[in-house]
Amino acid sequence: METIQKHFFLDLSVMLGRSLRHILRSMDTIITVLITPIAMMLLFVYVFGGAIQTGTANYVNYILPGILLIAIASGISYTAVRLFTDVQRGIIERFRSMPIAPSTVLWGHVLTSLVSNAISVVVIILVALVMGFRSSAGILSWLTIVGILALFTLALTWVAVIPGLTAKSIDGAVAFAYPLIFLPFISSAFVPTSSMPPVVKAFAENQPVTAIVETIRALLSGQPVPHEIWVALAWCVGILLVAYIFAMRAYKKRV
Amino acid sequence: MQTNSIEVADLQKSYKELNVLQGVSFTVEQGSIFALLGSNGAGKTTIIKILTTLLKQDGGTAIVNGFDVASQPDHVRQSLSLTGQFAAVDEMLTGQENLIMIARLRHLKQPRQVADELLTRFGLTDAATRRVSTYSGGMRRRLDLAMSLVGTPPILFLDEPTTGLDPEGRLEVWKVVKELADGGRTVFLTTQYLDEAEQLADRIAILHEGTILASGTLMELQKRFPAASVEYVEKQPTLEEIFLAIIGKKEEQ
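In this numbering scheme, every chain counts its residues from 1 along its sequence in written order. Chains carry letters and ligands carry numbers; both start at the beginning, A for chains and 1 for ligands, and go up in the order they are written. The model is predicted, so local features are restricted to residues of pLDDT at least 70 and side-chain atom pairs to those at 80 or more, both for listing and for counting; the totals for chains, interfaces and linings are taken over all residues.

Let's talk about the overall build of chain B
Inclusion rule: Only DSSP runs of H or I reaching four residues or more are called helices, and only runs of E reaching two or more are called strands; each is numbered from the N terminus. Computation of the radius of gyration draws on C-alpha atoms alone. For the globule rule, the value is 2.2 Å times the number of residues to the power 0.38. Here exposure depends only on C-beta density: within 10 Å of a residue's C-beta, 20 or more other C-beta atoms make it buried, 12 or fewer make it exposed, and intermediate numbers make it partly exposed, the C-beta atoms being placed from the backbone. Contacts here follow a simple rule: the backbone-placed C-beta atoms of the two residues must lie within 7 Å.
Along its length, chain B carries nine helices and ten strands. Taking 18 Å as the expected radius of gyration for a compact globule of 253 residues, we find that chain B reaches 19 Å, a close match to that expectation. Across its three principal axes, chain B shows a C-alpha extent of roughly 55 × 50 × 40 Å. Counting across all 253 residues of chain B, residues that qualify as buried make up 44%. Excluding contacts between residues fewer than 6 apart, the proportion of contacts in chain B whose partners are at least 24 apart in sequence is 67%.

Structure follows, in structure tokens:
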């Protein structure tokens, strides 16, 4: 119906406001998505960092991309939690029986994920600046970084939608996120892959996080756009498409 | 002339091997309270889900407020509100925020005013700015019903509105439902409690194993089934009557 389409963005803003309130009122969410990555950054820079040889003088610069990806991976797990709660409590049925576009609920959660992860990324970068992070990247490089991080968030958010809709328990809804949070550790995010044994090295160099981390790191240090960007983009777009298809299928089946 | 708010004909639905609905037909008059009575698993929730566009039927037709649920779901959604089996309220928000949210989603002009009016009407003004997670079961149900009244949709669907409520909560819900019907709304409710159907409904339909076994007014049903026999039994107060009497006295003091 015409009016339903007309109100789509208005309805979406109501959904966004609702879940942002959820985040602000959940200490657990704030600790996990913000305090933990910052604590990890402090730990790596001031405790382990001295013993890690990366070939760069500034270790904060080196690990910041990886920390951002960990923050996003733990951030999207809460999308699964919020969606799971909506399904369990039956509020999704209330929304679905109202005269609003059926996809509004899902897009509301996706938009919330993008906005809240953007906020945590900005806060973490500010903390990194205080810790000595410096970048010679130009505006274009920064815009590219924003684009890659947004695409990465979007891809993982659609991954998170699947367990959010299909999980049987709240633990099941978040379990998928642990390997994602762990992935940056087996990549070039904290140490160069050259120091790893062959099998681990092969894995590390051929998983999405390394390509994304290398791209962002190169852009932050003011280098021209590296060729890894195509690998990074291919991973993000590929994950996004597959996850979107399965998420939509789960949504139609569930509600 | 009476018009029908809901017309259901030969409704069928099955989940894989299980035939949940096997040709269900009934009509609900505008402004009446209609109770669908049945035990757990009889298919009550399935009927509600089809009528509120959450589920597609396999066969038959369902017309709500003059619109076909299968071909005009948007029009149907404009005409109704659904109160599900479990209070579908947002626990992280306050009572007031919950109502404002629904009012905004229904695109009402003054969401805050609508919310405050309903809070007053349902006796939730004192709890308005408290998070719903601190509410009692009865308060949640009241808020749930209040959310269903935002935007005054003409047809209300209540899926087991009193399941899990204490006796006082039940009476409160009954009172609200009666008021709504007096105000001209059509109320469609499901219940597994015989006394609830008896107390509230203008018409009752008994759903069993996917078909309507009997339907009509309470008097019609009474006429059709075993004739009333006269027995002299010393009437003991029911536990419910005792409970309410004690509570009532305590509140008077």
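Quick notes on the pairing of strand E7 (residues 155-159) of chain B
Residue and element names in this part refer to chain B. For the record, the criterion: Only strands that DSSP links by at least two bridges are regarded as paired with each other.
The buried count for E7 comes to five of five residues, which makes it a mostly enclosed element. Because side chains alternate across E7, one face comprises the buried residues Ile155, Phe157 and Asp159, and the other comprises Leu156 and Leu158, equally buried. Relative to E7, strand E6 (residues 80-83) runs parallel, the two sharing four bridges. Residue pairing across strands places Leu80 opposite Ile155, the latter belonging to E7.

A few points about the pairing of strand E3 (residues 33-37) of chain B
Look at any regular strand and the pattern is simple: side chains alternate between the two faces of the sheet. All names here are of chain B. Across the five residues of E3, five count as buried, placing the element largely inside the fold. Burial of the side chains of E3 extends over both faces: Ile33, Ala35 and Leu37 are buried on one face and Phe34 and Leu36 on the other. When E3 meets strand E8 (residues 186-191), the two strands line up parallel, connected through five bridges. Opposite Phe34, over in E8, you have Phe188 as the bridge partner. Direction of pairing for E3 relative to strand E9 (residues 203-208): parallel, over a ladder of four bridges. The residue of E9 that forms the bridge with Phe34 is Arg203.

Some remarks on the nonpolar core
Counted only if it meets this: Here a nonpolar core is just a set of buried residues of the types Ala, Val, Leu, Ile, Met, Phe, Trp, Tyr and Cys, joined wherever their C-beta atoms sit within 7 Å.
Formed by 136 residues in total, the largest nonpolar core has its most connected members in Ile63(A), Leu69(A), Ala35(B) and Leu99(B). Per element, the largest residue contribution to this core is 19 residues, and it comes from helix H4 (residues 59-89) of chain A.

Details of the interface of chain B and chain A
Definition in use: Note on residue classes: Ala, Val, Leu, Ile, Met, Phe, Trp, Tyr, Cys and Pro are nonpolar, Asp, Glu, Lys and Arg are charged, and everything else, Gly too, is polar.
Taken residue by residue, the interface counts 19 residues in chain B and 20 residues in chain A. When residues of the side of chain B that touches chain A are traced back to their parent elements, those giving at least two are helix H2 (73-79), E6 and helix H3 (95-105) of chain B. Broken down by class, the residue content of the side of chain B that touches chain A amounts to nine nonpolar, five polar and five charged.

Describing unusual backbone geometry
All names here are of chain B. A positive phi angle is found at Glu160, which is not glycine, with a value near 45°. Position of Glu160 among the secondary structure elements: in the loop between E7 and helix H6 (167-182). Overall, the presence of 21 C-beta atoms within 10 Å leaves Glu160 in the buried class. Positive phi, normally seen in glycine, also occurs at Glu209, with a value near 45°. Looking at where Glu209 falls in the secondary structure, it is placed in the loop between E9 and strand E10 (211-216).

Looking at the environment of Ile245(A)
Within the secondary structure layout, Ile245(A) lies in helix H12 (residues 228-254). As for Ile245(A) and Ile181(A), which are separated by 64 residues in sequence, their C-alpha atoms are 23 Å apart.

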